Each structure stands twice: as C-alpha cells, then as structure tokens.
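# Descriptive analysis of the structure
In case you want the letters, here they are:
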Amino acid sequence: MSEALTILNRLMETIQTRAQERPAGSYTTKLIEGGVGKIGKKVIEEAAEVVEAAAEEGAEGKEHFTYEVGDLLYHTMVMMAWRGVTLDDVAAELGRREGIGGLVEKASRTQPGDNPA
Ligand SMILES: N=c1c2ncn([C@@H]3O[C@H](COP(=O)(O)OP(=O)(O)OP(=O)(O)O)[C@@H](O)[C@H]3O)c2ncn1[C@@H]1O[C@H](COP(=O)(O)O)[C@@H](O)[C@H]1O
C-alpha cells in the first residue's frame, strides 16, 4: 500500500475509534457529538477555504492549498464516520464509476426535453 493510503487508513481508524469511544478532550469527539450540523458547517467552511487557497500563486500558495485540502479531507472523513461510511465504501463507489465518462453518465440521466445545463 502507498504511504498516502496507509496514512489515510490510519487516520480513518483513529476517527472511527473516537466516534465509538468519544474520549473527552478530543476535537473529533466534539464534532461527532455535534452531528451533521456541526460537522457540515466545518465541511462547508473548509471547502470554501480550499477554493480560496487554490487561487493563491507560488510555492506558498501551493503549501496553503495543501494545508486546506488536509482540513477538508479530515472533516469529510469525520462526516463519513458519523454516517457509518468507510473509505472502502467510497473507493467501491469510485471503482463502480471507472471508465464511465462524466458527460456520458450525465447524458444517461437526461430525459428528452430536459433543459440542458
Ligand atoms: N487530522 C486532523 C485534523 N486536521 C484538522 N484538524 C483540526 O480541525 C480544526 C480546523 O478548524 P479551523 O482551521 O477552522 O480552526 P479553529 O478556528 O480552531 O476551528 P473551530 O474551533 O472554529 O472549529 C483545527 O482545530 C485543527 O486542529 C484536525 N484534528 C485532528 N486530526 C487528526 O485526528 C486525530 C485525533 O484528533 P482528536 O480527536 O482531537 O484527538 C489527530 O491525532 C489527527 O491525526
């Protein structure tokens, strides 16, 4: 397994354990106990910060963008744990989509007479 996947798996395990055991003094516990409202607020906030940082130029901008993507991934993974969805579940969904172009998939959902987006 790549180093990146090892770290993502380890982080997910930590988050899932926090979600089960709810230790005091854990930020993950606070998020999980706040439910979809609290976690969702952070996911939206971090997504906006990712978009903002993506426009920043240079090596510093890239570093900031990478930092914000880390925040977004962490908070999305907390939402997954709260919802009982695993990394394997999401990977399986992405695997199911492999080879199906986005535009082809969209066309398959579009009914004749629909207003093209
Ligand atoms: N990867 C992360 C991680 N990434 C980001 N964060 C936290 O996410 C928050 C990001 O929110 P902001 O940048 O908006 O900072 P803030 O203003 O302090 O946040 P708010 O108080 O407004 O929610 C910060 O508190 C970060 O520390 C994380 N907190 C925890 N982890 C991982 O989760 C593990 C368990 O953490 P605890 O549950 O806290 O023990 C840690 O060992 C890490 O591996």
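Scroll up to find the structure.
To keep things clear, this report deals only with the structure shown in the data block. All figures in this text were calculated on a predicted structure; none of them were measured in a lab.

### Structural notes on the environment of Ala19
- By secondary structure assignment, the location of Ala19 is in helix 1 (residues 3-21).
- A C-alpha to C-alpha distance of 23 Å links Ala19 and Glu68, two positions 49 residues apart in sequence.

### What to know about the nonpolar core
- Residues Met12, Ile15, Ala19, Leu31, Ile32, Ile39, Val43, Tyr74, Met77, Val78, Met80 and Ala81 constitute the largest nonpolar core, which totals 12 residues.
- Only helix 1, helix 2 (27-54) and helix 3 (58-83) provide two or more residues apiece to this core.
- Here this core takes five residues from helix 3, the largest share from any one element.
- Ignoring any residue separated from it by four or fewer positions in sequence, one finds Ala81 in contact with Met12, Ile15 and Gln16.

### Re the side chain of Glu68
- Mapping Glu68 onto the fold places it in helix 3.
- Buried within the structure, Glu68 lacks any salt-bridge partner; its nearest side chain of opposite charge belongs to Lys42, at an N-O separation of 8.6 Å.
- Leave out the neighbours within four places in its chain, and Glu68 touches Glu46, Glu49, Val50 and Ala53.

### Observations regarding the packing of aromatic side chains
- As enumerated under the stated definition, the model contains one aromatic pair in all.
- Their ring planes at 25° and their centres at 6.1 Å tell us that Tyr27 and Tyr74 sit as a pair that is stacked. Of this pair, Tyr27 sits in helix 2 while Tyr74 sits in helix 3, and the two are 47 residues apart along the sequence.

### What about the site of the ligand?
- As a structural note, the neighbourhood of the ligand is formed by Leu11, Thr14, Arg18, Ser26, Tyr27, Thr28, Lys42, Glu45, Glu46, Asp71, Tyr74 and His75.
- With respect to the ligand, the side chain of Ser26 contributes an N or O atom lying 2.5 Å from an oxygen atom.
- In the environment of the ligand, an oxygen atom lies 2.8 Å from a nitrogen or oxygen atom belonging to the backbone of Tyr27.
- Elements supplying a minimum of two residues to the shell around the ligand: helix 1, helix 2 and helix 3.
- Looking at the shell around the ligand residue by residue, the classes come out as three nonpolar, four polar and five charged.

### Topic: helix 3
- Across its 26 residues, helix 3 extends 37 Å between first and last C-alpha, which sits within 8% of the 38 Å expected from 1.5 Å per residue.
- Within helix 3, burial applies to Gly61, Glu68, Tyr74, His75, Met77, Val78, Met80 and Ala81.
- Taken together, the buried residues of helix 3 touch helix 1, helix 2 and helix 4 (87-97).
- Gly84 occupies a position one or two residues after helix 3 and carries a positive phi of about 75°.

### A short note on helix 2
- If you check helix 2, its first and last C-alpha atoms are just 26 Å apart, much less than what 28 residues at 1.5 Å a residue would give, namely 40 Å.
- Helix geometry: helix 2 is bent most strongly at Gly35, by close to 125°.
- Its buried side turned inward, helix 2 meets helix 1 and helix 3.
- Between a side-chain oxygen at the N-terminus of helix 2 and the backbone nitrogen of Thr28 the separation is 3.2 Å; the capping residue is Ser26.

Criteria and thresholds
Residues numbered from 1 in each chain as written. Predicted model: local features only at pLDDT ≥ 70, side-chain atom pairs only at ≥ 80, totals over all residues. Heavy atoms only, no water. Helix = DSSP H or I, 4+ residues; strand = E, 2+ residues; numbered from the N terminus. Core = buried A, V, L, I, M, F, W, Y, C linked by side-chain atoms within 4.5 Å. Buried < 20%, exposed > 50% of the residue type's maximum accessible area, 1.4 Å probe, protein only. Contact = heavy atoms within 4.5 Å. Lys, Arg positive; Asp, Glu negative; His and termini not counted. Salt bridge = Lys/Arg side-chain N within 4 Å of Asp/Glu carboxyl O. Phe/Tyr/Trp six-rings, centres within 6.5 Å; stacked < 30°, edge-to-face > 60°. Near = heavy atom within 4 Å. Polar contact = N/O pair within 3.5 Å; in protein donor to acceptor, adjacent residues only side chain to side chain. Nonpolar A, V, L, I, M, F, W, Y, C, P; charged D, E, K, R; others polar. Expected span 1.5 Å × (residues − 1). Bend = angle between axes of the 7 residues up to and from the residue.

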